[in-house]
Amino acid sequence: MNVTESRFENRQLHLEDYLQMVSAEQKEYAEVFDYSKITEKSGVITDYWTDNLLDLILRKENLNNAYKQVKSNKGAGGMDGMQVDELLPYLRENQNTLMQEIRIGKYKPNPVRRVEIPKETKGEFRKLGVPTVVDRVIQQAIAQELTPIYEEQFSGNSFGFRPKRGAHDALRQCQKNVNDGYAYVVDMDLEKFFDTVCQSKLIEVLSRTIKDGRVVSLIHKYLNAGVLVNGMFEKTGIGMPQGGPLSPLLSNIMLNELDRELECRGHRFVRYADDCMIFCKSRKSAERTLDNILPFLEGKLFLKVNREKTMVAHISKVKYLGYAFYRYKGKCRLRVHPKSVTKMRDKIRELTDRSNGMSNAKREEKYQQYVKGWINYFKLADMKNLLGEMDEWARRRIRAVYWKQWKKIRTKYRMLKALGLEHWKAIELANSRKGIWRMAKALNQTFSKKIIAKLGYTSMLDYYLVVCEN
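Please read these numbers as outputs of a predicted model, since none were measured by experiment.

So, how was this worked out
- Residues numbered from 1 in each chain as written.
- Predicted model: local features only at pLDDT ≥ 70, side-chain atom pairs only at ≥ 80, totals over all residues.
- Heavy atoms only, no water.
- Helix = DSSP H or I, 4+ residues; strand = E, 2+ residues; numbered from the N terminus.
- Buried < 20%, exposed > 50% of the residue type's maximum accessible area, 1.4 Å probe, protein only.
- Contact = heavy atoms within 4.5 Å.
- Phe/Tyr/Trp six-rings, centres within 6.5 Å; stacked < 30°, edge-to-face > 60°.
- Lys NZ or Arg CZ within 6 Å of the ring centre and 35° of its normal.
- Pairing = 2+ DSSP bridges.
- Patch = residues over 30% accessible without salt bridge, like charges linked within 9 Å, V, L, I, M, F, W, Y side chains within 5 Å.
- Areas by Shrake-Rupley, 256 points an atom, 1.4 Å probe, with all protein chains shown as cover.
- Salt bridge = Lys/Arg side-chain N within 4 Å of Asp/Glu carboxyl O.
- Lys, Arg positive; Asp, Glu negative; His and termini not counted.
- Charge placed at Lys NZ, Arg CZ, Asp CG, Glu CD.
- Axes fitted to C-alpha atoms, helices over the stretch in contact; angles between N-to-C directions.
- Expected span 1.5 Å × (residues − 1).
- Bend = angle between axes of the 7 residues up to and from the residue.
- Polar contact = N/O pair within 3.5 Å; in protein donor to acceptor, adjacent residues only side chain to side chain.

A. Spatial organisation of the overall build of the protein. Of the regular secondary structure elements, the protein holds 22 helices and eleven strands. Residues counted as buried form 45% of the 470 residues belonging to the protein. For the protein, contacts bridging at least 24 residues in sequence account for 71% of all contacts bridging at least 6.

Okay, here's the thing in structure tokens:
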């Protein structure tokens with residue numbers, strides 16, 4: 001049945017009433033549209049909301065959800081100094097003006113605040129752009145509505161910054177490809193991806209799906225908002241600020257063009273954000289693939305490929321998402337890459353430094369948080385022997401911390417007695433003239449693993465055996 005224009009408009013006028021009715025019945029607000037279901041019923045409605053997307057973005061419920069998400073993420077303030085805790089009073093007072101400016105296209109985003117974070121490579125920094133908290137709410141509101149639209153278009157081989165997908169899914173897909181005989185990879189490295197994205201190309205890609213020019217214009221304003229570096233304003237004619245809620249989605253939208261091209265060419269690949277690996281059955285095939293895909297990346301998407309870091313290699317020679325790969329009994333297995341081990345060791349050394357001024361309670365809390373987070377990320381790897389060695393080393397450092405704190409002989413004697421040592425042995429150790437590191441080893445049996453665990457220092461190996469998935 002054909003739907004007349006007047007009847008269609010009438011149906012849209014009652015949209016909010018319908019959502020409120022659902023809310024009353026289910027005691028919760030209706031979810032953002034399920035675009036796949038709408039498309040099945042009527043392409044007309046889908047077209048309406050793609051053409052009038054700004055109305056969806058500025059719905060009260062969507063903005064409230066965006067505010068809650070920004071508040072839960074916390075984070076530092078932007079260039080205006082406003083913090084997350086100050087956001088609610090500001091929005092209550094200025095929401096009408098803010099919404100009106102966005103609707104008529106007069107809203108001007110603030111420049112982002114530049115923050116540099118050191119990379120693993122010495123001397124290199126990752127440039128982050130911290131938006132103001134108000135801009136974070138607006139970007140989050142945009143991202144919430146664009147995500148379900150673009151999820152329909154994204155490739156099944158893309159895993160970064162997507163709902164219900166993550167690094168572990170990407171790694172399992174890598175294993176599957178290798179087990180199917182694709183053991184050679186093109187390990188692609190895009191040079192400073194976020195800083196070098198061609199904005200006009202990104203706007204062109206966005207405009208294919210988003211027909212509401214106001215939304216495209218607003219996104220373009222965020223790309224061109226500029227950056228404050230040491231109090232000085234700099235224009236951003238290229239690239240996108242890495243650090244806002246919208247950046248991850250925009251990066252996926254841009255790189256989805258690469259995903260489509262690879263799928264059209266019949267390649268197997270795995271992409272997590274801008275880290276992409278193309279799988280081939282032979283080295284020659286991988287070299288040919290690299291030669292053929294470079295013109296597309298540089299000539300069509302206008303992205304820069306780092307020729308020094310982009311390489312063709314056997315899967316056992318590459319690092320991906322902190323993991324390394326190896327074969328065992330004909331199957332692809334995962335282990336922790338040596339660089340990731342070094343990084344973890346440095347962090348534990350920092351947490352168990354005897355001179356960092358940290359209280360015991362704070363050290364125990366931070367140590368436990370870090371160890372559990374690290375192992376939960378690397379739980380797909382085979383690392384029993386590694387963690388056994390790391391546990392012994394970390395426990396010795398912890399004993400050294402406490403031995404230094406005890407300082408006086410009488411304190412050492414009292415603590416050793418409390419640990420269960422006999423009188424003569426406690427006197428002998430308390431009066432020992434050995435250095436702190438040697439005494440930490442001598443206390444191995446007395447200041448045992450069990451006691452250290454009770455203090456709050458989680459055993460890495462014990463926790464790994466509970467959560468591992470390999």
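B. A look at the packing of aromatic side chains. Within the structure shown, the criterion is met by eleven aromatic pairs. An angle of 70° between the planes, with centres 5.2 Å apart, marks the rings of Y367 and Y457 as edge-to-face. Here Y367, found in helix α16 (residues 360-377), pairs with Y457, found in the loop between α21 (449-455) and α22 (460-467); they are 90 residues apart in sequence, far enough to count as distant. Here the aromatic rings of W406 and F447 are separated by 6.1 Å at their centres, their planes lie at 10°, and the arrangement is stacked. Within this pair, whereas W406 is found in helix α17 (residues 384-406), its partner F447 is found in the loop between α20 (436-442) and α21, the two being separated by 41 residues in sequence. One cation-aromatic arrangement involves R345 over W393; the distance from NZ or CZ to the ring centre is 4.1 Å.

C. Layout of the pairing of strand β3 (residues 184-189). Note: β3 against strand β7 (residues 275-280), six bridges, orientation antiparallel. The residue of β7 that forms the bridge with V185 is F279. Summarising the sheet, β3 and strand β8 (residues 311-314) pair through four bridges and their orientation is antiparallel. Pairing of Y184 across the sheet is with H314, part of β8.

D. Quick peek at unusual backbone geometry. One non-glycine residue, F302, lies in positive phi territory at about 60°. Turning to its location among the elements, F302 is positioned in the loop between α14 (283-300) and β8. A positive phi angle is found at K407, which is not glycine, with a value near 55°. Counting through the fold element by element, K407 comes out in the loop between α17 and α18 (409-418). Given a relative accessible area of 65%, K407 falls into the exposed group.

E. A look at a positive patch on the surface. Taken together, the side chains of R354, K404, K407, K408, R410 and R414 present a region of like positive charge at the surface. Mapped onto the elements of the fold, K404 is located in helix α17.

F. Highlighting the sheet that holds β8. The sheet built from four strands is open, its strands ordered β6-β7-β3-β8 with antiparallel pairing. Where the open sheet ends on each side, the last strands, each with one partner, are β6 (268-272) and β8. Strand-to-strand, the axes of this sheet are offset by a mean angle of 25°, without reference to chain direction. Packed on one face of the sheet, helix α13 (residues 247-264) meets β6 and β7 and runs near 170° to β6. Sheet strands in contact with α14 are β3, β7 and β8, and its direction is about 25° off that of β3.

G. Structural view of α14. In a regular helix each residue adds 1.5 Å, so 18 residues correspond to 26 Å; α14 covers 26 Å between its end C-alpha atoms and thus fits that length. Of all the bends found along α14, the most pronounced is centred on I293 and spans about 25°, while P295, a proline, follows it within four residues. Of the positions making up α14, those classed as buried are A286, T289, L290, I293, L294, F296 and L297. As for α14, its buried residues are in contact with β3, α13, β7 and β8. Looking one or two places after α14, you find F302, whose phi comes out positive at around 60°.

H. How the structure looks around the pattern of salt bridges. Within this structure, the stated rule accounts for 23 salt bridges. K176 is paired through a salt bridge with D180; the nearest N and O atoms lie 3.2 Å apart. Given the relative accessible area of 44%, K176 is considered partly exposed. Between D212 and R214 there is a salt bridge; the shortest N-O distance is 3.1 Å. Of the residues examined, D212 reaches a relative accessible area of 3% and is grouped as buried.

I. The arrangement of the environment of I149 in detail. Locating I149 in the fold gives a position in helix α8 (residues 133-151). Residue classification places I149 among the buried positions, given a relative accessible area of 12%. In this structure, the C-alpha to C-alpha distance between I149 and T209, residues 60 residues apart in sequence, is 8.6 Å.

J. The arrangement of the environment of R260 in detail. With respect to the helices and strands, the residue R260 is situated in helix α13. Note on R260: relative accessible area 36%, which makes it partly exposed. On a C-alpha basis, the gap between R260 and S155 in space is 7.3 Å, while along the polypeptide they are 105 residues apart. Not counting chain neighbours up to four residues away, the residues in contact with R260 comprise Q153 and R208. Among the polar contacts listed, one links the side chain of R260 to the side chain of Q153, at a separation of 3.5 Å.

Coordinates in, geometry out; function isn't part of it.
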